[in-house]
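A closer look at the structure
Here is what each chain is made of, one letter per residue.
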Amino acid sequence: MTTAKNTICLWYDKDAEAAAHFYAATFPDSAVTAVHRAPGDFPGGMAGDVLTVQFTVCGIPCIGLNGGPIFPHSEAFSFQIATDTQGETDRYWNAIVGNGGAESACGWCKDKWGLNWQITPRVLTEAMAAGGEVAQRAFAAMMTMHKIDHAEIEAAVSGA
């Protein structure tokens, strides 16, 4: 296996392996590919503890680093997951929020490890890309939502 030229490194307090397994079980084209234990003590743990976890989320290579509590996740980084149906949106949203996560506005939610996710229907991104009044109506509808409702975005796009 070759290492990707660019890999997202996500800092966790101590639960990188649990997070990686959750993501692999939740999203398609996702897997945990390696778990590496620390060869010696480090600021976030001891020799033998899980130090890094290699995994993919929807085909994107990532490394989870158990570095301790000093650097928590923030909304400055999020995964944006494109969805095609309301069922797909509901499934991902409910998996994240229902597993100790929290809702936020406009399709954003946070998993129990503090990592931020945007569960974003393609109907919304296509409406925004259309620009003009279509984008304005879709944007106004989105601003009232937590989890994005496909039917409401479609109605806004059509002007209904």
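This report concerns the structure included in the present document. (Residues numbered from 1 in each chain as written. Predicted model: local features only at pLDDT ≥ 70, side-chain atom pairs only at ≥ 80, totals over all residues. Heavy atoms only, no water.)

Considering the sheet that holds strand β8 (residues 116-121)
Condition: In this description, strands pair whenever DSSP reports at least two bridges between them. Secondary structure counts use DSSP, requiring at least four H or I residues in a row for a helix and at least two E residues in a row for a strand, with both numbered from the N terminus. Whether two residues are in contact is decided by their heavy atoms, any of which lying within 4.5 Å being enough. To define axes, lines are fitted to C-alpha atoms, for helices over the stretch in contact only, and angles between the resulting N-to-C directions are given on a 0 to 180 degree scale.
Here we have 4 strands laid out as an open sheet, ordered β5-β8-β7-β6, and mixed in their pairing. Two strands bound the open sheet, and with one partner strand each, they are β5 (78-83) and β6 (102-103). For strand β7 (residues 108-110) and β8, the ladder comprises 3 bridges, and the chain directions are antiparallel. By the bridge assignment, Lys 110 is partnered in β8 with Asn 116. With respect to the sheet, helix α2 (residues 86-97) is in contact with β5, β6, β7 and β8, its orientation differing from that of β8 by roughly 165°. Its contacts with the sheet place helix α3 (residues 122-130) against β5 and β8, and it is angled at close to 75° to β8.

Details of unusual backbone geometry
The phi torsion at Asp 29 lies on the positive side, around 55°, for a residue other than glycine. Looking at the secondary structure, you find Asp 29 in the loop between α1 (16-26) and β2 (31-37). Non-glycine residue Cys 58 carries a positive phi angle of around 50°.

Examining the nonpolar core
What counts, and what does not: Only buried residues count toward a nonpolar core. Its members are Ala, Val, Leu, Ile, Met, Phe, Trp, Tyr and Cys residues joined through side-chain atoms within 4.5 Å. Under the scheme applied here, a residue whose accessible area is under 20% of the maximum for its type counts as buried, over 50% as exposed, and between as partly exposed, the area being computed with a 1.4 Å probe on protein chains only.
By size, the foremost hydrophobic cluster in this structure holds 23 residues, and its most contacted members are Tyr 12, Tyr 23, Phe 27, Phe 55, Val 57, Trp 117 and Ile 119. For this core, the secondary-structure elements that each account for two or more residues are β1 (8-12), α1, β3 (50-57), β5, α2 and β8. Ranked by residue count, the leading element in this core is α1, at 5 residues. If we skip the residues at most four places from it in the chain, Tyr 23 touches Tyr 12, Ser 30, Phe 55, Val 57, Asp 111, Trp 113, Leu 115 and Trp 117. Residues Cys 106, Ala 138, Ala 141 and Ala 156 belong to the second largest nonpolar core, which totals 11 residues.

As for the pairing of β8
For β8, the buried fraction is high: 6 of the 6 residues fall into the buried class. Neither face of β8 is left uncovered, since the one carrying Asn 116, Gln 118 and Thr 120 and the one carrying Trp 117, Ile 119 and Pro 121 both have all their residues buried. The pairing of β5 with β8 spans 6 bridges and is parallel. If you follow Phe 79 over to β8, its bridge partner there is Trp 117. Two successive antiparallel strands, β7 and β8, enclose a turn made up of 5 residues, where Gly 114 displays a positive phi of approximately 95°.

A closer look at the environment of Gln 54
The criterion, for reference: Polar contacts, as used here, are pairs of N or O atoms within 3.5 Å; protein pairs need one atom able to donate a hydrogen and one able to accept it. Residues neighboring in sequence count only if both atoms are side-chain atoms.
Position of Gln 54 relative to the elements: it lies in strand β3. C-alpha separation for the pair Gln 54 and Pro 39, spaced 15 residues apart in sequence, amounts to 17 Å. Among residues more than four places away in sequence, those in contact with Gln 54 are Ala 31, Val 32, Thr 33, Ala 34, His 36, Cys 62 and Ile 63. A polar side-chain atom of Gln 54 sits 2.7 Å from a polar atom in the side chain of His 36.

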